[in-house]
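Reading the structure
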Amino acid sequence: MRTRLYLLVLLALAAAAPLGAQQILRWGGDAEGGAPFVEADPRDPSKLVGFDVEIAELIASKLGRTPQFLQVQFTSLDQSAKRGDFEIGLSGIEDIPARRQSLAASIPYYEFREVLTVRDGDRGRYRSLADLKGRRVATLGGTMAYDLLLDAERTHGITAVSYDDDVHPYSDLVLGRVDGVVLDNVLADRAMRRNTGLFTHPGALAVGHYIVITAPENTALRDQVDRILREAMKDGTLEAIFKKWNVWNEDQSELYARLVNAPSTPSTPGTLGTLGTPGTLGTLGTLGTPSTPGTGEKVRSYLPSLFRAALITLVLSFAAMALAVALGVLIATGRVYGDRFSRSLLTIYVEVMRGTPVLLQLFVIYYGLASMIRLPAFIAALLGLGLNYAAYESEIYRSALEAVPRGQLDAARILGFTRMQTLRLVRAPQAFRLALAPMTNDFVALLKDSSLVSMLTVVELTKQTQIFATNIGSWVIPGLLCALLYLAMSLPLGYLARRLEERWRMPTV
């Protein structure tokens, strides 16, 4: 009887679970983007605030559900939507054709302008992208602004610099690492309040829109969201939200008038051009038109960029490994032959570098030391990886040196060899044979860890692949190409290491 009761309770819970799950509306966003989109409430970090938070809550309430936030990195929002990690996503997500082709996208709920920000002293010198020829101009990777800069790179000769967040482009502008930043007016206004000495030109380089995304099969949910947004445009709810966050302007009134009076038909990539003010979206070139390049054409156009990024990855990895090997040898030698004080200092260095994340070390070198020394991004990346891997290399060399039989060292001393001669002629060659295999493993690991330097604006292979995937709306082809390029770089190293091991293997008795 008791067993049957337990079974009935379990069945009841199982039957109720889907109903309970339906009361939750999972929505994805990136709290790292900060205000006014999504951020932790400064008064209560357990809560979120921002106009996208309030719009998500509005949609959830109209659907009779409870909103539940899911933190997703901004560049991964599209892929998470496809996977079904959340039901709707909104975090300043831009309306671009690739996104509409791969996802179910809502009508726009906010219209923004791409604007140019420069240092206050350069406001008369740099008025447009054409004025920045030969200069570095920054933006957030995988956005409409980045495509705008890539086009300006070809037509005006600027250098486009991609960041993974919208904070450091402006801080680097203040420091003089870049000469301009192109992002939407919402982000530019926030940056102007946060940083002194900057000026944003009011003219729009392009016009775009924020949208809500969901999985491509969730068209019914998308249509519900469209109806909720239109109702909120009619009754002034959206206007109140945007006024609360000081981002309301007349652009929104014109946008809402067009959308409210437009027929309620499913959104398609081709409708994007009808939403903008006449003549403004034309500045985007093909971004706002249905005649966008096909996947094959996009792959061909991105291949040169992938090859250049692979070359940067290879050069950076070789240079960082050379630095790591040189420092590792010195550290290992000091720990084996040095006095107690030297050994203690070197041990502390090794433990600190191995015990803290390499990404943290890269941030400290590039951003933390900027007030004292402004290192170029590539040099900072080289030092960060080299100093980190030097700690690991030193442990390999130290253990290899200590693995050389004590009898050989005693024989060298009896023959009158000095300590340096013993190290150079007897100990080091044998230790190198022992260290070769783990050295190769470390180099392959460094090759892959070089992807972290994209946080310092170095566009290496993984970062370029991420931008590629965002622009075509899929990770399949970019991911395969990226994997093939990494294999093409790492497999020859493994083959070379095996050949060297065979050639220098210690003879057996």
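Parameters at a glance
- Residues numbered from 1 in each chain as written.
- Predicted model: local features only at pLDDT ≥ 70, side-chain atom pairs only at ≥ 80, totals over all residues.
- Heavy atoms only, no water.
- Helix = DSSP H or I, 4+ residues; strand = E, 2+ residues; numbered from the N terminus.
- Contact = heavy atoms within 4.5 Å.
- Areas by Shrake-Rupley, 256 points an atom, 1.4 Å probe, with all protein chains shown as cover.
- Salt bridge = Lys/Arg side-chain N within 4 Å of Asp/Glu carboxyl O.
- Buried < 20%, exposed > 50% of the residue type's maximum accessible area, 1.4 Å probe, protein only.
- Phe/Tyr/Trp six-rings, centres within 6.5 Å; stacked < 30°, edge-to-face > 60°.
- Lys NZ or Arg CZ within 6 Å of the ring centre and 35° of its normal.
- Patch = residues over 30% accessible without salt bridge, like charges linked within 9 Å, V, L, I, M, F, W, Y side chains within 5 Å.
- Axes fitted to C-alpha atoms, helices over the stretch in contact; angles between N-to-C directions.
- Parallel < 35°, antiparallel > 145°, perpendicular 65-115°, else oblique.
- Left-handed = near helix turned anticlockwise from the far one by under 90°.
- Nonpolar A, V, L, I, M, F, W, Y, C, P; charged D, E, K, R; others polar.
- Pairing = 2+ DSSP bridges.
- 1 Å grid on protein atoms, 1.4 Å probe; cavity = no way out; pocket = protein on both sides within 12 Å on 5 of 7 lines; lining within 4 Å.
- Points joined across faces, edges and corners; volume = space filled by probe spheres on them.
- Domains from an automatic or database assignment.
- Core = buried A, V, L, I, M, F, W, Y, C linked by side-chain atoms within 4.5 Å.

1. Remarks on the overall build of the chain
- The helix and strand inventory of the chain stands at 19 helices and 13 strands.
- When contacts within the chain are restricted to residue pairs at least 6 apart in sequence, long-range pairs at least 24 apart make up 75% of them.
- As displayed, the chain offers around 24300 Å² of accessible surface, 61% of which is attributable to carbon and sulfur atoms.

2. Examining the pattern of salt bridges
- Summed over all chains, the structure comprises 21 salt bridges.
- R222 is paired through a salt bridge with D223; the nearest N and O atoms lie 2.9 Å apart.
- A residue is classified by how much of its surface remains accessible, and R222, at 7% relative accessible area, is buried.
- Salt bridges sharing partners connect three or more residues here, namely R119, D122, R135 and D179.

3. Topic: the packing of aromatic side chains
- All told, the structure shown has 15 aromatic pairs when counted by the stated rule.
- Ring plane angle 75 degrees and centroid distance 4.7 Å describe the contact between Y366 and Y367, whose orientation is recorded as edge-to-face.
- Taking the relative accessible area as the measure of exposure, Y366 reaches 1% and is therefore buried.
- Each member of the aromatic cluster is reached from another via a ring pair, and the members are F37, F51, Y109, Y110, F112, Y210 and F242.
- Here the guanidinium or amino end of R123 rests over the ring plane of F199, the centre of that ring lying 4.0 Å away.
- Over the ring of Y366 we find R177, and its NZ or CZ is 3.8 Å from the ring centre.

4. Side note on the environment of E32
- Mapped onto the elements of the fold, E32 is located in the loop between β1 (24-29) and β2 (39-41).
- Distance in space between the C-alpha atoms of E32 and F74 is 8.3 Å, their sequence separation being 42 residues.
- In this structure, E32 is in contact with Q71 and D165, ignoring residues within four places of it in sequence.

5. With respect to a nonpolar patch on the surface
- Together, L311, I312, V315, F378, I379 and L383 make up a nonpolar patch on the protein surface, roughly 450 Å² of accessible area in all.
- Those elements that provide at least two residues to the nonpolar patch are α12 (295-337) and α15 (377-403).
- Looking at where I379 falls in the secondary structure, it is placed in helix α15.
- Since its relative accessible area comes to 34%, I379 is described here as partly exposed.

6. Considerations on the packing of helix α16 (residues 406-414) against helix α17 (residues 419-449)
- It is at 10 Å that the axes of α16 and α17 come closest, and there the two elements cross at 165 degrees. Of the possible angle classes, the one that applies to α16 and α17 is roughly antiparallel. Crossing geometry of α16 relative to α17 is assigned as right-handed. Counted together, Q408, L409 and A412 of α16 and T422, V426, R427 and Q430 of α17 form the full contact between these two elements.
- Split by residue class, the contact of α16 with α17 holds three nonpolar, three polar and one charged.

7. Side note on the pairing of strand β12 (residues 206-210)
- Within β12, five of the five residues are buried, which leaves the element mostly enclosed by the surrounding structure.
- Where strand β7 (residues 110-119) lies against β12, five bridges are found, and the strand directions are antiparallel. Among the inter-strand pairings, F112 is bridged to a residue of β12, identified as G208.

8. Digging into empty space enclosed by the protein
- For the coordinates displayed, the defined rule picks out two cavities of 30 Å³ or more.
- One number sums up the size of the largest cavity: a volume of about 240 Å³.
- Its residues assigned to classes, the lining of the largest cavity comprises seven nonpolar, four polar and eight charged.
- When residues are assigned to domains, the lining of the largest cavity turns out to be shared by domain 1 (2-109 + 211-288) and domain 2 (111-207), each giving three or more.

9. Quick word on the nonpolar core
- Within the largest apolar cluster, 115 residues are counted, with the highest numbers of intra-cluster contacts made by F51, I55, I88, Y109, L229, L238 and F242.
- By residue number, the principal contributor to this core is α12, which donates nine residues.
- Ranked by size, the runner-up nonpolar core spans nine residues in total, among them I396, Y397, L401 and A431.

10. A word on the packing of helix α13 (residues 340-355) against α15
- Contact geometry for α13 and α15: axes closest at 9 Å, N-to-C directions at 120 degrees. Regarding the angle of α13 to α15, the classification is oblique. Relative to α15, α13 is oriented so that their crossing is left-handed. Touching Y349, V350, M353 and R354 of α13 are L387, N388, A390, A391, Y392, S394 and E395, all from α15.
- Tallied by class, the residues present in the contact of α13 with α15 amount to seven nonpolar, two polar and two charged.

11. Quick notes on the environment of L436
- Relative to the assigned elements, L436 resides in helix α17.
- When its relative accessible area of 7% is taken as the criterion, L436 is described as buried.

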